[in-house]
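Chain by chain, the residues:
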Amino acid sequence: MKRIWSVCLLLMGMAFSVSAQSFYFDIGIGFGWPTTKIDGNDLSDILSGSKVTDIGVDLGLKAGYGPFGEIPLYAVGEFAGMGHRFQTSDNYMQFNSYIIGAGLIFYPIPLIQLAGTIGFSYAADQTDLQDVVLPASERGVAWDLSAAFDFGKRNSGFLLGLRYFGSSNTLTSNEKQDSSIISVFVRYAFRHKIQQE
């Protein structure tokens, strides 16, 4: 874990040592196909049924600086997460995983945005079932990768893309919660884009 953070801090330090042109910000929501495993046991296999709805949602925001010089690269911090909800007509159980980390965004061409983040993670699971207490999170690591179309030639635009989010958290019960989602997302983005020839 210390090595991961050392690499993240080194990359951020190198990026900020070069003059950035503008502030970067994006925020949005996605819906997709989640997986949650507790000690390797897939909860979709255990909790699914004809009366159970299995829903996956991700939310997130990024803020940072860029581009650096003529390189279409942005250094960002990210706070994001996913929720995997099992819902019946009467009750629900939801498994939430979050990331607080550092990342990079790159534009190979002005229309396409590629992004990746790695950082700390924690789980905050919840349910309305009486007498059921879900264990809290102690520590974890999370990462995400995304590819999106960036619509908008000026500073404001919208991102439409695919995102993979994964996390691994140790719970206070000493169990391991592994969560992931592949989602389709839309985000509002404020950024200075380099118009490549």
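Colleague: Would you explain the confidence of the model for the protein in this entry?
Modeller: Detailed reading of predicted coordinates is not advised where the pLDDT is low. Per-chain confidence: the protein averages 86 in pLDDT, with 87% of residues scoring 70 or above. The secondary structure element of the protein with the lowest average pLDDT is helix H1 (residues 2-16), at 54, and the one with the highest is strand E10 (residues 176-190), at 96.

Colleague: What's the story with the packing of aromatic side chains in this structure? I'm lost.
Modeller: Aromatic ring pairs are reported here in terms of the distance separating the ring centres and the angle at which the planes meet. In the structure shown here, the tally under the stated rule is 8 aromatic pairs. Taking the centre distance of 5.4 Å and the plane angle of 55° together, the rings of Tyr24 and Tyr74 count as tilted. Placement of Tyr24 in strand E1 (residues 20-38) and of Tyr74 in strand E4 (residues 73-87) is noted, with a sequence separation of 50 residues between them. Judged by centre distance (5.7 Å) and plane angle (65°), the ring pair of Tyr74 and Tyr107 falls under edge-to-face. Taken together, the residues Tyr74 in strand E4 and Tyr107 in strand E5 (residues 92-109) connect sequence positions 33 residues apart. What makes Tyr74 buried here is its relative accessible area of 1%. Every member of this aromatic cluster is reached through a ring pair, and the members are Tyr24, Tyr74 and Tyr107. One Lys or Arg, Arg85, reaches over the ring of Tyr92 and ends 3.9 Å from the middle of that ring. Here the guanidinium or amino end of Arg187 rests over the ring plane of Phe185, the centre of that ring lying 5.6 Å away.

Colleague: What am I meant to see in empty space enclosed by the protein here?
Modeller: Left-over empty space is what a probe sized like a water molecule reveals as it rolls over the atoms. Applying the stated criterion across every chain yields a total of 1 cavity of 30 Å³ or more. Taken as a whole, the largest cavity holds about 50 Å³ of empty space. What lines the largest cavity is simply Asp26, Lys62, Gln113, Asp144, Ser146, Leu159, Arg163, Phe185 and Arg187. Going through the elements one at a time, strand E8 (137-151), strand E9 (156-171) and E10 are the ones with two or more residues in the lining of the largest cavity. Grouping the constituent residues of the lining of the largest cavity by class yields 2 nonpolar, 2 polar and 5 charged.

Colleague: Would you mind showing me how to read the pattern of salt bridges here?
Modeller: A pair can form between side chains of opposite charge whenever their charged atoms are brought close. Counted according to the given criterion, the structure contains 5 salt bridges. A salt bridge links Glu78 to Arg163, with the shortest nitrogen-to-oxygen separation between them at 3.9 Å. Pair noted here: Glu78 is in strand E4 and Arg163 is in strand E9, with a separation of 85 residues, a long-range link. We note that Glu78, like Arg163, is buried. The salt bridge partner of Arg191 is Asp150, with a shortest N-O separation of 2.6 Å. Taken together, the residues span a long stretch of sequence, with Arg191 in the segment after E10 and Asp150 in strand E8 at a distance of 41 residues. Note on accessibility: Arg191 and Asp150 belong to one class, buried. Taken together, the shared-partner salt bridges connect Asp58, Glu78, Asp144 and Arg163 into one network.

Colleague: So what exactly am I meant to see when it comes to the side chain of Lys62 here?
Modeller: Mapped onto the elements of the fold, Lys62 is located in strand E3 (residues 53-68). The charged side chain of Lys62 is buried without a salt bridge, its nearest counter-charge being Glu78 at 4.4 Å. Once residues within four sequence positions are removed from consideration, Lys62 is found in contact with Tyr24, Phe25, Asp26, Val76, Gly77, Glu78, Ile105, Ala115, Thr117, Ser146 and Arg187.

Scoring rules and cut-offs
- Residues numbered from 1 in each chain as written.
- Predicted model: local features only at pLDDT ≥ 70, side-chain atom pairs only at ≥ 80, totals over all residues.
- Heavy atoms only, no water.
- pLDDT = per-residue confidence, 0-100.
- Helix = DSSP H or I, 4+ residues; strand = E, 2+ residues; numbered from the N terminus.
- Phe/Tyr/Trp six-rings, centres within 6.5 Å; stacked < 30°, edge-to-face > 60°.
- Buried < 20%, exposed > 50% of the residue type's maximum accessible area, 1.4 Å probe, protein only.
- Lys NZ or Arg CZ within 6 Å of the ring centre and 35° of its normal.
- 1 Å grid on protein atoms, 1.4 Å probe; cavity = no way out; pocket = protein on both sides within 12 Å on 5 of 7 lines; lining within 4 Å.
- Points joined across faces, edges and corners; volume = space filled by probe spheres on them.
- Nonpolar A, V, L, I, M, F, W, Y, C, P; charged D, E, K, R; others polar.
- Salt bridge = Lys/Arg side-chain N within 4 Å of Asp/Glu carboxyl O.
- Lys, Arg positive; Asp, Glu negative; His and termini not counted.
- Contact = heavy atoms within 4.5 Å.

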